[in-house]
Amino acid sequence: KAGVTQTPRYLIKTRGQQVTLSCSPISGHRSVSWYQQTPGQGLQFLFEYFSETQRNKGNFPGRFSGRQFSNSRSEMNVSTLELGDSALYLCASSGSLAPQETQYFGPGTRLLVL
Amino acid sequence: EDQVTQSPEALRLQEGESSSLNCSYTVSGLRGLFWYRQDPGKGPEFLFTLYSAGEEKEKERLKATLTKKESFLHITAPKPEDSATYLCAVRGFVRSNDYKLSFGAGTTVTVRA
(Lines give C-alpha, C1' and ligand atoms only; values in the text may rest on other atoms or scores of the structure.)
Protein backbone atom coordinates (compact mmCIF):
# COMPACT_ATOMS: atom_id res chain seq x y z
CA LYS A 1 0.00 0.00 0.00
CA ALA A 2 1.43 3.36 -0.98
CA GLY A 3 2.18 5.75 1.86
CA VAL A 4 1.28 9.38 2.31
CA THR A 5 2.64 11.54 -0.49
CA GLN A 6 3.31 15.25 -0.41
CA THR A 7 4.13 17.68 -3.19
CA PRO A 8 6.23 19.56 -3.77
CA ARG A 9 9.08 18.27 -1.61
CA TYR A 10 10.98 21.54 -1.62
CA LEU A 11 9.88 25.11 -2.16
CA ILE A 12 11.55 28.50 -2.05
CA LYS A 13 9.39 31.60 -1.82
CA THR A 14 9.85 35.25 -0.92
CA ARG A 15 8.10 37.22 1.77
CA GLY A 16 4.59 38.30 0.86
CA GLN A 17 4.00 35.48 -1.60
CA GLN A 18 1.55 32.69 -1.04
CA VAL A 19 2.05 28.95 -1.30
CA THR A 20 -0.11 25.85 -1.69
CA LEU A 21 1.03 22.43 -0.51
CA SER A 22 -0.61 19.16 -1.45
CA CYS A 23 -1.10 15.88 0.40
CA SER A 24 -2.46 12.53 -0.79
CA PRO A 25 -3.35 10.22 2.10
CA ILE A 26 -2.96 6.47 2.26
CA SER A 27 -5.62 4.82 0.16
CA GLY A 28 -8.78 4.40 2.21
CA HIS A 29 -7.78 6.95 4.84
CA ARG A 30 -10.26 9.76 5.28
CA SER A 31 -8.62 11.88 7.94
CA VAL A 32 -5.77 14.24 7.10
CA SER A 33 -3.84 16.39 9.56
CA TRP A 34 -1.22 19.04 8.92
CA TYR A 35 1.74 19.97 11.11
CA GLN A 36 4.49 22.55 11.04
CA GLN A 37 7.91 21.44 12.27
CA THR A 38 10.69 23.85 13.16
CA PRO A 39 13.87 23.34 15.21
CA GLY A 40 12.68 25.73 17.90
CA GLN A 41 9.01 24.75 18.23
CA GLY A 42 9.00 21.11 17.26
CA LEU A 43 5.86 19.64 15.73
CA GLN A 44 2.93 22.04 15.94
CA PHE A 45 -0.60 21.01 14.93
CA LEU A 46 -2.16 23.12 12.19
CA PHE A 47 -5.51 21.50 11.37
CA GLU A 48 -7.34 18.26 10.80
CA TYR A 49 -9.83 17.39 8.05
CA PHE A 50 -12.29 14.55 7.76
CA SER A 51 -14.83 14.09 4.96
CA GLU A 52 -14.03 17.54 3.57
CA THR A 53 -14.73 19.24 6.91
CA GLN A 54 -12.22 20.89 9.19
CA ARG A 55 -12.61 19.12 12.53
CA ASN A 56 -9.89 20.70 14.59
CA LYS A 57 -7.57 23.68 14.33
CA GLY A 58 -4.34 24.64 16.05
CA ASN A 59 -3.20 28.07 17.19
CA PHE A 60 -2.01 29.51 13.90
CA PRO A 61 -3.01 32.80 12.27
CA GLY A 62 -5.67 32.95 9.61
CA ARG A 63 -2.97 33.12 6.92
CA PHE A 64 -2.85 29.36 7.26
CA SER A 65 -5.80 27.60 5.70
CA GLY A 66 -6.61 24.23 4.26
CA ARG A 67 -9.19 22.15 2.54
CA GLN A 68 -9.97 18.55 1.75
CA PHE A 69 -11.44 17.16 -1.42
CA SER A 70 -13.96 14.38 -1.92
CA ASN A 71 -11.15 11.92 -2.70
CA SER A 72 -9.58 12.78 0.71
CA ARG A 73 -6.66 14.62 -0.86
CA SER A 74 -5.86 17.79 1.03
CA GLU A 75 -4.19 21.10 0.39
CA MET A 76 -2.93 23.75 2.73
CA ASN A 77 -2.34 27.34 1.79
CA VAL A 78 -0.22 29.99 3.44
CA SER A 79 -0.81 33.55 2.31
CA THR A 80 1.43 36.58 2.81
CA LEU A 81 4.45 34.48 3.71
CA GLU A 82 6.74 35.58 6.52
CA LEU A 83 10.31 34.56 7.21
CA GLY A 84 9.11 32.62 10.25
CA ASP A 85 6.99 30.36 8.05
CA SER A 86 10.14 28.57 6.92
CA ALA A 87 9.64 25.03 8.15
CA LEU A 88 9.00 21.42 7.29
CA TYR A 89 5.27 20.99 6.68
CA LEU A 90 4.07 17.49 7.40
CA CYS A 91 0.85 15.82 6.43
CA ALA A 92 -0.46 12.75 8.26
CA SER A 93 -3.37 10.48 7.47
CA SER A 94 -5.43 8.04 9.51
CA GLY A 95 -8.33 5.78 8.76
CA SER A 96 -10.83 7.61 10.90
CA LEU A 97 -11.23 10.21 13.62
CA ALA A 98 -11.17 7.57 16.35
CA PRO A 99 -8.68 8.82 18.95
CA GLN A 100 -6.91 5.49 19.05
CA GLU A 101 -6.07 5.68 15.36
CA THR A 102 -2.44 5.95 14.39
CA GLN A 103 -1.42 8.83 12.15
CA TYR A 104 0.98 8.00 9.34
CA PHE A 105 3.18 10.80 8.10
CA GLY A 106 4.33 11.80 4.66
CA PRO A 107 7.88 12.89 3.81
CA GLY A 108 7.05 16.57 4.25
CA THR A 109 7.44 19.72 2.20
CA ARG A 110 10.46 21.85 3.08
CA LEU A 111 9.50 25.53 2.67
CA LEU A 112 12.12 28.24 2.71
CA VAL A 113 10.95 31.86 2.80
CA LEU A 114 13.52 34.45 1.77
CA GLU B 1 -3.23 22.05 28.56
CA ASP B 2 -1.68 18.76 27.52
CA GLN B 3 2.04 18.51 28.11
CA VAL B 4 4.55 16.05 26.75
CA THR B 5 8.15 16.22 27.94
CA GLN B 6 10.90 14.05 26.54
CA SER B 7 14.28 13.47 28.14
CA PRO B 8 17.11 13.59 27.54
CA GLU B 9 17.20 16.01 24.61
CA ALA B 10 20.17 14.18 23.14
CA LEU B 11 21.77 10.80 23.78
CA ARG B 12 25.10 9.59 22.48
CA LEU B 13 25.63 5.84 22.70
CA GLN B 14 28.33 3.42 21.77
CA GLU B 15 27.18 0.55 19.58
CA GLY B 16 25.83 -2.16 21.87
CA GLU B 17 25.30 0.23 24.81
CA SER B 18 21.65 -0.13 25.85
CA SER B 19 19.71 2.86 27.16
CA SER B 20 16.23 4.29 27.70
CA LEU B 21 14.37 7.39 26.56
CA ASN B 22 11.68 8.96 28.71
CA CYS B 23 8.38 10.57 27.77
CA SER B 24 6.40 12.06 30.62
CA TYR B 25 2.93 13.41 30.00
CA THR B 26 -0.02 15.17 31.56
CA VAL B 27 -3.20 14.76 29.57
CA SER B 28 -6.92 14.49 30.14
CA GLY B 29 -8.37 11.18 29.11
CA LEU B 30 -5.42 9.51 27.43
CA ARG B 31 -6.54 7.68 24.31
CA GLY B 32 -3.14 6.63 23.07
CA LEU B 33 0.59 7.24 23.34
CA PHE B 34 2.53 7.02 20.11
CA TRP B 35 6.24 6.64 19.40
CA TYR B 36 7.75 7.74 16.12
CA ARG B 37 11.24 7.72 14.68
CA GLN B 38 12.34 10.62 12.47
CA ASP B 39 15.43 10.75 10.29
CA PRO B 40 16.81 14.17 9.26
CA GLY B 41 14.71 15.82 6.56
CA LYS B 42 12.10 13.06 6.55
CA GLY B 43 8.65 12.56 8.00
CA PRO B 44 8.15 10.69 11.27
CA GLU B 45 7.92 6.92 10.92
CA PHE B 46 5.44 5.14 13.16
CA LEU B 47 6.88 2.72 15.72
CA PHE B 48 4.37 1.89 18.47
CA THR B 49 1.02 2.74 19.98
CA LEU B 50 0.33 2.13 23.68
CA TYR B 51 -3.13 2.47 25.13
CA SER B 52 -3.08 1.59 28.80
CA ALA B 53 -0.73 1.48 31.77
CA GLY B 54 1.25 -1.73 31.93
CA GLU B 55 1.22 -2.25 28.18
CA GLU B 56 4.49 -3.12 26.42
CA LYS B 57 5.39 -3.47 22.75
CA GLU B 58 8.56 -4.62 21.07
CA LYS B 59 10.08 -4.31 17.63
CA GLU B 60 13.61 -5.50 16.93
CA ARG B 61 15.88 -3.64 19.36
CA LEU B 62 13.15 -1.31 20.61
CA LYS B 63 10.72 -1.85 23.46
CA ALA B 64 8.11 0.66 24.61
CA THR B 65 6.41 0.63 28.00
CA LEU B 66 3.67 2.76 29.50
CA THR B 67 2.71 3.84 33.02
CA LYS B 68 0.05 6.33 34.10
CA LYS B 69 2.49 9.22 33.92
CA GLU B 70 5.24 8.25 31.51
CA SER B 71 6.47 6.00 28.77
CA PHE B 72 9.92 4.58 28.16
CA LEU B 73 11.52 3.58 24.91
CA HIS B 74 14.26 1.07 25.63
CA ILE B 75 16.95 0.56 23.00
CA THR B 76 18.78 -2.73 23.47
CA ALA B 77 22.24 -3.20 21.95
CA PRO B 78 21.79 -0.29 19.52
CA LYS B 79 23.40 -0.15 16.10
CA PRO B 80 24.43 2.97 14.15
CA GLU B 81 21.27 2.65 12.04
CA ASP B 82 19.22 3.32 15.18
CA SER B 83 20.51 6.90 15.12
CA ALA B 84 17.48 9.19 14.72
CA THR B 85 15.21 11.52 16.62
CA TYR B 86 12.55 9.66 18.58
CA LEU B 87 9.27 11.49 19.06
CA CYS B 88 6.57 10.78 21.61
CA ALA B 89 2.98 11.94 21.11
CA VAL B 90 -0.15 11.63 23.23
CA ARG B 91 -3.76 11.78 22.18
CA GLY B 92 -5.86 13.42 24.87
CA PHE B 93 -9.44 14.53 25.33
CA VAL B 94 -10.30 18.10 24.36
CA ARG B 95 -14.10 18.02 24.15
CA SER B 96 -16.82 15.68 22.97
CA ASN B 97 -15.57 13.68 19.97
CA ASP B 98 -12.48 15.87 19.82
CA TYR B 99 -9.06 14.56 20.75
CA LYS B 100 -5.83 16.43 20.29
CA LEU B 101 -2.46 14.91 19.39
CA SER B 102 0.41 16.62 21.21
CA PHE B 103 4.07 15.95 20.47
CA GLY B 104 7.14 16.13 22.64
CA ALA B 105 10.29 17.87 21.42
CA GLY B 106 12.03 14.57 20.78
CA THR B 107 15.23 12.82 21.84
CA THR B 108 18.03 12.74 19.29
CA VAL B 109 19.95 9.48 19.55
CA THR B 110 23.40 9.07 18.02
CA VAL B 111 24.95 5.60 18.02
CA ARG B 112 28.68 5.40 17.30
CA ALA B 113 30.25 2.29 15.82
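Residues numbered from 1 in each chain as written. Chains lettered and ligands numbered in written order. Predicted model: local features only at pLDDT ≥ 70, side-chain atom pairs only at ≥ 80, totals over all residues. Heavy atoms only, no water.

Draft legend 1. Focus on the packing of aromatic side chains. As enumerated under the stated definition, the model contains 10 aromatic pairs over all chains in all. Where Phe47 of chain A meets Tyr49 of chain A, the ring centres are 5.7 Å apart and the plane angle is 70 degrees; that geometry is what we call edge-to-face. The exposure class assigned to Tyr49 of chain A is buried, which follows from its relative accessible area of 4%. Consider the rings of Phe105 of chain A and Phe103 of chain B, whose centres lie 5.9 Å apart with planes at 75 degrees: the pair is edge-to-face. Here Phe103 of chain B lies in strand β10 (residues 98-103) and Phe105 of chain A lies in strand β10 (residues 104-105), a pairing that spans two chains. For Phe105 of chain A, a relative accessible area of 11% gives the class buried. Judged by its relative accessible area of 12%, Phe103 of chain B is buried. (Phe/Tyr/Trp six-rings, centres within 6.5 Å; stacked < 30°, edge-to-face > 60°. Buried < 20%, exposed > 50% of the residue type's maximum accessible area, 1.4 Å probe, protein only. Helix = DSSP H or I, 4+ residues; strand = E, 2+ residues; numbered from the N terminus.)

Draft legend 2. Spotlight on a nonpolar patch on the surface. Residues Ile12, Leu112 and Leu114 of chain A make up a contiguous nonpolar surface patch of about 300 Å² in total accessible area. Assignment of secondary structure puts Leu112 of chain A in strand β11 (residues 109-113). (Patch = residues over 30% accessible without salt bridge, like charges linked within 9 Å, V, L, I, M, F, W, Y side chains within 5 Å. Areas by Shrake-Rupley, 256 points an atom, 1.4 Å probe, with all protein chains shown as cover. Salt bridge = Lys/Arg side-chain N within 4 Å of Asp/Glu carboxyl O.)

Draft legend 3. Up close: the sheet that holds strand β8 (residues 74-78) of chain A. All names here are of chain A. On the basis of which strands lie adjacent, the open sheet formed by 4 strands has the order β1-β3-β8-β7 and antiparallel pairing. If you trace the sheet from one side to the other, it starts and ends with β1 (5-7) and β7 (64-68), each paired once. When the angles between neighbouring strand axes are averaged without regard to direction, this sheet yields 20 degrees. (Pairing = 2+ DSSP bridges. Axes fitted to C-alpha atoms, helices over the stretch in contact; angles between N-to-C directions.)

Draft legend 4. Spotlight on the interface of chain B and chain A. Counting from both sides, the interface comprises 19 residues of chain B and, opposite them, 20 residues of chain A. When the two sides are added together, the surface that chain B and chain A hide from each other amounts to roughly 1,600 Å², 52% of it contributed by carbon and sulfur. Of all residues in chain B, Pro44, Arg91 and Phe103 of chain B give up the largest surface area on contact with chain A, accounting jointly for 28% of the area buried on that side. In this assembly, chain B and chain A are joined by 1 salt bridge. Two residues, Arg91 of chain B and Glu48 of chain A, come together in a salt bridge whose shortest N-O distance is 3.6 Å. Counting across the interface, chain B meets chain A through 3 residue pairs in polar contact (both at pLDDT 80 or more). Among the elements of the structure, β4 (32-38), β5 (45-50), β9 (84-95) and β10 of chain B are those that each provide at least two residues to the side of chain B that touches chain A. Element by element, the count of residues in the side of chain B that touches chain A is highest for β10 of chain B, at 4 residues. (Contact = heavy atoms within 4.5 Å. Buried area = accessible area lost by both parts, 1.4 Å probe. Polar contact = N/O pair within 3.5 Å; in protein donor to acceptor, adjacent residues only side chain to side chain.)

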